[in-house]
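Each chain, written out:
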Amino acid sequence: MTTHASRPAPLTVPFGDPLALGAMLEALLQSPSLPALAKGIAHALAEAGAAPATVAWWMADGTSGTVPAGLAPAADAALLAMLQAGGDPVADGADGGRGVRLLARDATGGIALLLPAHADAALLDRACALLAPVADAVLERRHLTGSLQALARSEQLQAALFQIADMASSGMDLNAMLRELHAIVGRFMYAENFYIALYEESSDALRFIYLVDTVDPVIRNANEFISMSVMERGLTWYCIRDRRPLMGALDQLRAQVSGPMRDIGEECFDWLGVPILVGEAVRGVLVVQSYIERPRYTTSDQALLSYVGSHILNAVDRKLQQEELERRVAERTQALTLEVQERQRSERIQEALYRIAELSHTATDPDGFYQAVHGIVGQFLDARNFYIALLSDDGEWLHFPYYVDETGGTAESRRVGHGISEYVIRRGKPLLVDMEDPAVRAQFEALQASGELDVVGQQSMAWLGVPLVAGERVLGLLAVQNYTSGHCYSASERDLLTFISYQIASGLERQRAAAELKDANAELEQRVEARTAELSEQIRVREDVERQLKYQVLHDSLTGLPNRAYLRDQLQRALAHGQREQGYGFAVLFMDLDRFKVINDSVGHLVGDALLQEVAARFSRCVRSGRDMVARLGGDEFAILMEVNGPDAALRMGQRIVKAMEAPVRVQGKELYSSVSVGIALSAPHYTQPEELLRDADIAMYRAKAGGRDRIEVFDEALHARALQLLEVESDLRRAMERCELVPWFQPIVRLSDGGVVGYEALARWHHPHRGVLAPAAFLPVAEGNGSLEALDWAVFTRTLELLPSLLRPEQYVNVNFSPRHFGAPGLVARLMALLRAHRIAPSQVRIEVTEGALLENAEKIGEVFRQLADCGVMVALDDFGTGYSSLSYLHRFRMHTLKIDRSFICDLSPDDESGSTAVVRAILALSRAQRMEVVAEGIETEAQRQALLALGCELGQGYLFARPAPLGAGPADR
C-alpha cells in the first residue's frame, strides 16, 4: 500500500491544455521504472513553468537518485534518508530552506519532490495533487509485477522439488538423475559448470558423484573418494570446513574464507558454493561457476541453491541406497545361485554314484555297464574320448574292454609296457596332463627320454587318467583325453573322476564276484528259473483273465483305454454338469493317425496293433491324471475329454498330442513314423447330446487332414488365420531361396575298417533369420505342398556344387537328395550336367540319392533317367532301402550303383547277436554283391554296430558314431 502527502480538494488543471495534460499523464503511467518516472515528472514540471524542483527516488535494495542528478547541501541527503526510512516530511521551505512533497511510497521504494526555498507552494501543491495518483499507480504496478515474478519463481521451484522427489523414487539410474538435477538447477541460475560432491566424515574424503566443467579438464571418478588433504585450502575445502556458503569473484572469495586460499583448477569469473547440511553435519557441497563475464551470482541464487541442496541430497541418498540395495541383492542372488549350483552338482554327483552302485548290482553284461559309466562321466566333464583299461589276473596284459574315440581309433589288448596308462597303473595315482603347459610338456618329454614313458597311439593335447583301485590292488585305469588345443582338464575334474573311480572299481569287483557266484550256482538258478517261469505263466494267465473281465465292457482290449461307450457316458455327465453349473467348460479332441492304413498294409496288422498301443501310451502321458480322459474310438481314432476355461487349453493339449508323435515308434526292429491330425470341439449351450460334440470334433479333424495333416483345427474357429500363417511360412521359404538361406550340411560316408572318408551326403538346412537352423521336416512339407520343392532342391544342389572344391578330395564324392518330382520334369539330365560343367565338377564326384517312393510313380520314365545319368557318369543311390514297397524287385529293373541300408535295420545290430535285423542285413549284402552294387549302412551310432557290420562284410557307413551333419568349416567334433 503506497502512502503520500495529504491531498487538497480537486484543483483546476495546472498545466494548460487538457489534451497535452492527458498525454503527459499517460506517458508517466507507462514509466518502466522509478528513475524513468522521476525523469518524466521533472520534465513535466519544467514544461508547466513551475519553480525548479528536484525529483528524488529510492528503492528497497538501497539504490536511490535524483533528477537532476546530484544533491547539493547535506540537508537534502538527510531529507532523502528520512524518506527512505519511512519518516514523515516536515520541511515546507517557508523559512528559506528546502521544502519536501512526498508523492508516493511503499515497501519497494518511493518518489518525492525536493522544493527550493520561496517556491510557489500553491502551484506545487496542485501539481502534487495531480502527480501523486500517477506515482501511486506506477508503484502499485511495480509491486504487482514483482509479486507475480516471485510467485512464478516459487511455483517453478516447487515443481522442481516435486520433480526431484519423483526422480528419487523412479527407476531412473543415478547418472541420468544427476544429469536431470543439473538441468533443474540450470533453470534458476547460470549452471553450465556444476558439480556435486558428497562428504564422508569418517574417512574425511570427498566423492565427486557429478562434475560438468566446460573449461577445466580435470576428471573425477564418480566412485572414488578423494582425501580432503588433496584439496586442502581450496574453495570446496573451505566450504565444507567453514560450513557456510561462498560466493563472488576470487578476490571477494579470499576475503570470505577463514584462512589462506589455494587456487585449484582454472581461474573463474564468478563462483558460488553452498554446503549441504544435515543438522550440524556437512554431507556435501553444490557448486556452480562461470568462466565468462556475465551478471554475477546473487544472494537469492545462494539461498535458492542452499534450499535445493537438501532436496538434491535426499534424492541422491535415496538413489544411492537403492543402488546399494540392488547391488547387495544381486550379490546375494549370485551367491545363492552359486550355492544352489554347487548343491545341485553335489546332488548330481551323489546320484551318479548311486547309479554306478546300482549298475554294478543290476548290469547283466560288462559292455552295458561300461557304456552306462561312460554316459555318467560325460555328464560332468568332456568324455568324447573315453576308455577303460583293465589288467589281466596275472598282471601281464592290459585289456581295453571299452574304448570310444572321436577319431575312430581302436585299442587292442597289449602286453604291459611303458604307455601312459601303464605309468598311472604302476604309480597308483591320478595323472593330469596338459601338453600346452610348457612345464608339463618338459616333464613329459623327460619321462620319455628316460624310457619310463612311451607314447602309444595318437598324441593327445589333454589327458586325464585315474587308477581303478579296489582295496590294495590296482585293477586298471579310467581315462579321458582331448586332441584339440584350448581344452584341458582341471584339478576339480581330476578329483571328481577319482571319486567316481572308487565306485567303478567296487562295481567291477562286485561283478567279478557275481560272475564266480553265478558259475557256482548255475544249476540252482536254472531250476529256479524254470519254476519261476511256470509260476509267472500261471500268474500271467490269471491276471489276463481278470483284466479282460474288468475292462471288457468299458475298455478297449488292445490299448486298455476307455472305449466309445465309456467316453459317451462321460460326455453325458459333462453336458449335465455344464447345464447345472454356469461357466463350466470342457472340450473334446478327436485324433486320427496320418498314414496308418499305409503302415498297416505295408508291415502287417500285428505291427499296426503295436503302433496303436504305443500311440495310446503317448497320448496318455500328455493328459492330466484324474482330470482328462483318453479313449480309443476304434481303428486309429482316439479322443480326449478335458476340462477347459477356453480354447487355449485345448489347443495346448492338441500341440502336446502332435509333438508326442514326432519321435519314431520302434516296432519289431523298425522305426515307424506317423503324425496325427487333431480336431477340437468346445462345449457350448447348444450341445445336448454326446454325438453332436463327437461329430463336430470329427469334422474339425477332417479339416486338419485336408489342410495337410499333422495339424490341429478347432471347429467353427477362424481357419482363415491359419491359412494366413501357412502363407507366411510359404512366403518366408520363397524369400529364403532368394536370399540363399537354404544351405547344405554334410555328413561323411566312411570306410568302416579305418574310418577314412570316401564321400559325403549333402542335407538341406534352412538358416531362418528368426527361428535359427531348421531341419528339413520344418519346411519340406510346405515346399511340397506349394510346389516349390523342385526349386528348393536345385537351390541346395547349386550351393553344394559351389562348396565342393573346398570339401572334396579328388577320390571323394557327394550324395545329393532329389525329390521324386524331378524325374517327371523334362531336361533333368541336361540341366544337371550343365551345372556340373559350370562349376567344373566331375560327374563321378556327384551321386543322386532317391527314396523307394520315387520308383513307384513312373517306373519306365525313371528307369530311362537313371540310364542317362549313368551314361553321363553320375551314379544313383537308393536311400532307406528295405522300408518301402517290394524293394528287392527294383534292383533288377533300375540301373543303380549304391544301396543304402535304412537305419531301422542297423540300430539292433551287435557282433554276437543273430537277431532278425542281422539276417535282413546279411541278405541285403548278399543281394548287393550279386548285383555288384556298393552298400552304405546308415544310422551307425555305436562301435558295436560298426563291428557287427564289418563282420557281415559291409564296407561303408555313415552315422553319429563318425560325425553329425555340419556346415562346411565345422570341426570334427561338430560333425
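One can find the structure itself at the top, above this paragraph.
On a predicted model such as this, the values are computed, not experimentally measured, just so you know.

Thresholds, definitions, all that
- Residues numbered from 1 in each chain as written.
- Predicted model: local features only at pLDDT ≥ 70, side-chain atom pairs only at ≥ 80, totals over all residues.
- Heavy atoms only, no water.
- Axes fitted to C-alpha atoms, helices over the stretch in contact; angles between N-to-C directions.
- Helix = DSSP H or I, 4+ residues; strand = E, 2+ residues; numbered from the N terminus.
- Left-handed = near helix turned anticlockwise from the far one by under 90°.
- Contact = heavy atoms within 4.5 Å.
- Nonpolar A, V, L, I, M, F, W, Y, C, P; charged D, E, K, R; others polar.
- Pairing = 2+ DSSP bridges.
- Patch = residues over 30% accessible without salt bridge, like charges linked within 9 Å, V, L, I, M, F, W, Y side chains within 5 Å.
- Areas by Shrake-Rupley, 256 points an atom, 1.4 Å probe, with all protein chains shown as cover.
- Salt bridge = Lys/Arg side-chain N within 4 Å of Asp/Glu carboxyl O.
- Buried < 20%, exposed > 50% of the residue type's maximum accessible area, 1.4 Å probe, protein only.
- Right-handed = clockwise from strand over helix to strand, strands pointing away.

**Student:** Lay out the packing of helix α16 (residues 605-622) against helix α17 (residues 647-660) in plain terms, naming residues and giving numbers.
**Tutor:** Where α16 meets α17, the axes come as close as 9 Å, and the angle between the chain directions of the two elements is 145 degrees. For α16 against α17, the interelement crossing comes out right-handed. Two secondary-structure elements touch here, α16 through R618, F619 and C622 and α17 through M653, R656, I657 and A660. Tallied by class, residues from the contact of α16 with α17 come to five nonpolar, no polar and two charged.

**Student:** Outline the sheet that holds strand β2 (residues 64-67), listing residues and values.
**Tutor:** Taken together, four strands build an open sheet; the order of strands is β2-β1-β4-β3 and the sheet is antiparallel. Unpaired on one side and paired on the other, β2 and β3 (99-106) mark the two borders of the sheet. Taken over all neighbouring pairs, the strand axes of this sheet differ in orientation by 15 degrees on average, direction set aside. In this structure, β3 lies alongside strand β4 (residues 109-115), joined through seven bridges in antiparallel fashion. Paired with G99 across the strands is L115, a residue of β4.

**Student:** Give a detailed account of a nonpolar patch on the surface, specifying residues and quantitative values.
**Tutor:** A cluster of nonpolar side chains, namely V541, V545 and L549, defines an oily patch on the protein surface of about 270 Å² accessible area. Structurally, the position occupied by V545 is in helix α13 (residues 522-551). Relative accessible area serves as the criterion here: at 42%, V545 is assigned to the partly exposed category.

**Student:** Quick one: what's the story with the pairing of strand β22 (residues 676-682), residue by residue and with numbers?
**Tutor:** Burial runs high along β22: six of the seven residues are buried. Pairing of strand β17 (residues 586-593) with β22 involves seven bridges; the strand directions are antiparallel. Counterpart to M591 in the pairing with β22 is V678. Where β22 meets strand β23 (residues 712-714), three bridges bridge the pair, whose relative direction is parallel. Looking across to β23, one finds that V678 is bridged to I712. Handedness of the crossover joining β22 and β23 through helix α18 (residues 690-706): left-handed.

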